[in-house]
Amino acid sequence: MRKLVYERGTHPNERKITWKFLFGVYPEKSTTEERKELDRQMASQYQWMKHSWKQRFPWAATMRTQCDFELSLAIQKHNEDQREMEAANPPMDTNNENSASFQYVNEQQFQKALRDIDADIPRTDRHRTFFQREGLVKLLYLRDILITFAAFHQEIGYCRGMHYFASRFLETLDSETEAFWCFVGYMRRSAWGFTTMGVRRKIQICEELLKHVDPELYVHIESVSKEKLLFCLRWLLLLFQKDLEHSDAVRVLEISALESGKMNFGAWIWRTRREGVEAPAPITSVDRDEITFEVLLCTAVLIQNRKQLLQYQDVNDFFLFTQRMQGRLQLNMLHGDERP
């Protein structure tokens with residue numbers, strides 16, 4: 001299945017089941033009956049988790065917005081829907097490791113995550129038909145997913161940009177609960193990529209790769225910019241989710257799921273620790289497993305636009321270049337034989 005997903009992608013009609021395997025929600029050898037029971041347990045667990053932080057922090061339950069009439073109406077409708085849902089199906093008490101960990105939630109960290117989430121939500125794919133249905137109410141489903149994740153995964157928390165990935169899961173699966181658990185599975189494997197060290201390492205790997213495949217372009221960029229490929233940061237942090245057309249962005253996310261076992265946050269910390277202090281790994285050595293799809297994609301984009309990049313004589317030109325590429329990249333134009 002993983003080989004087929006990599007070679008031809010997943011048909012939209014197949015993603016709802018396939019993604020639960022790809023992102024670690026379903027065990028590989030689970031039976032149909034086991035998956036049904038797992039779905040039931042996950043739905044109950046998610047509702048309890050969401051109810052818990054709303055009870056503990058009632059001031060966080062309702063999003064506040066100014067000068068956004070459409071979103072304000074969505075917030076009002078969402079609050080009404082949530083009250084009706086909880087009245088019809090009260091959350092069950094769950095005595096497990098999550099309830100224990102939530103007792104020690106860092107309120108300051110929670111407040112910061114909430115501020116960042118509420119800053120990101122209004123800008124998240126609201127042009128997409130999926131989120132326009134029911135008057136943007138599904139943006140509030142997305143908010144609940146992200147806050148619940150941040151509250152119960154304090155070791156990871158919320159980093160700006162995570163909303164793009166949660167948005168893909170919610171639109172693809174069209175289920176708040178399933179989107180939450182797929183997002184959890186993805187972040188458990190890929191959270192290191194949102195850390196300062198993780199992004200820095202990806203940039204270093206891109207630099208080493210570009211130096212190897214196109215020394216002339218690398219030397220030119222290095223001579224103009226001391227920060228080298230820092231202008232590629234958004235591409236690597238968000239896996240081109242803002243730069244590719246939607247279907248291509250989803251495709252890249254699928255491929256990243258196939259590679260997520262290559263390097264995880266724990267492995268990164270272990271490799272970069274120096275006498276109790278975290279430091280970047282030496283850039284002179286790049287393991288093959290570190291050359292992930294987004295790194296190759298970043299290098300391919302640079303090489304495809306090398307003539308333009310070689311003309312730049314100011315570091316700001318490189319950052320403007322990435323801004324202009326937003327929404328214009330296409331995967332099928334990055335094949336070597338089709339390169340201009």
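Note: the structure precedes this text.
Residues numbered from 1 in each chain as written. Predicted model: local features only at pLDDT ≥ 70, side-chain atom pairs only at ≥ 80, totals over all residues. Heavy atoms only, no water.

1. Details of the overall build of the protein
Counting secondary structure elements, the protein contains 18 helices and two strands. Per-residue burial for the protein yields a buried fraction of 51% across its 340 residues. Taking the intrachain contacts of the protein between residues at least 6 apart in sequence as the baseline, contacts between residues at least 24 apart amount to 76%. Entry remark: accessible area of the protein is about 17400 Å², with carbon and sulfur atoms responsible for 51%. (Helix = DSSP H or I, 4+ residues; strand = E, 2+ residues; numbered from the N terminus. Buried < 20%, exposed > 50% of the residue type's maximum accessible area, 1.4 Å probe, protein only. Contact = heavy atoms within 4.5 Å. Areas by Shrake-Rupley, 256 points an atom, 1.4 Å probe, with all protein chains shown as cover.)

2. Observations concerning the nonpolar core
In this structure, F23, F169, F183, M187, L229, W235 and L302 are the most contacted members of the largest nonpolar core, which totals 98 residues. Per element, the largest residue contribution to this core is twelve residues, and it comes from helix 8 (residues 137-152). Beyond its immediate chain neighbours, meaning those up to four positions away, W235 contacts F240, D243, C298, V301, L302, F321, T322 and M325. (Core = buried A, V, L, I, M, F, W, Y, C linked by side-chain atoms within 4.5 Å.)

3. Some words on the pattern of salt bridges
For the structure on display, the rule yields 29 salt bridges. As a salt-bridge pair, E7 and K3 come within 2.7 Å of each other at their nearest N and O atoms. Pair noted here: E7 and K3 are both in helix 1 (residues 2-8), with a separation of four residues, about one helical turn. Looking at K3, the relative accessible area reads 56%, which means it is exposed. Across the pair E222 and K228 runs a salt bridge, and its minimum N-O distance is 3.7 Å. Residue E222 is classed as partly exposed on the basis of its relative accessible area of 36%. Sharing partners across several salt bridges, the network here consists of K112, D116, D120, R123 and R160. (Salt bridge = Lys/Arg side-chain N within 4 Å of Asp/Glu carboxyl O.)

4. Description of the side chain of D214
Assignment of secondary structure puts D214 in the loop between helix 11 (196-213) and helix 12 (215-224). For D214, a relative accessible area of 7% gives the class buried. Among the polar contacts listed, one links the side chain of D214 to the backbone nitrogen of L217, at a separation of 3.1 Å. What D214 contacts, discounting residues up to four positions off in sequence, is I303 and R306. (Polar contact = N/O pair within 3.5 Å; in protein donor to acceptor, adjacent residues only side chain to side chain.)

5. Looking at the environment of L71
As for its placement among the helices and strands, L71 is situated in helix 4 (residues 69-88). Sequence separation of L71 and L139 is 68 residues, and the distance between their C-alpha atoms is 8.6 Å. Setting aside residues up to four positions removed in sequence, L71 forms contacts with M63, T65, P122, R126, L136, L139 and L140.

6. Observations regarding the packing of helix 2 (residues 15-22) against helix 9 (residues 162-173)
Helix 9 packs onto helix 2 with a crossing angle of 140° between their chain directions and a minimal axis gap of 9 Å. Relative to helix 9, the element helix 2 lies oblique. Remark: the crossing between helix 2 and helix 9 carries left-handed chirality. Between helix 2, through R15, K16 and W19, and helix 9, the contact on the second element is made entirely by R168, F169, T172 and L173. When grouped by side-chain class, the residues that make up the contact of helix 2 with helix 9 number three nonpolar, one polar and three charged. (Axes fitted to C-alpha atoms, helices over the stretch in contact; angles between N-to-C directions. Parallel < 35°, antiparallel > 145°, perpendicular 65-115°, else oblique. Left-handed = near helix turned anticlockwise from the far one by under 90°. Nonpolar A, V, L, I, M, F, W, Y, C, P; charged D, E, K, R; others polar.)

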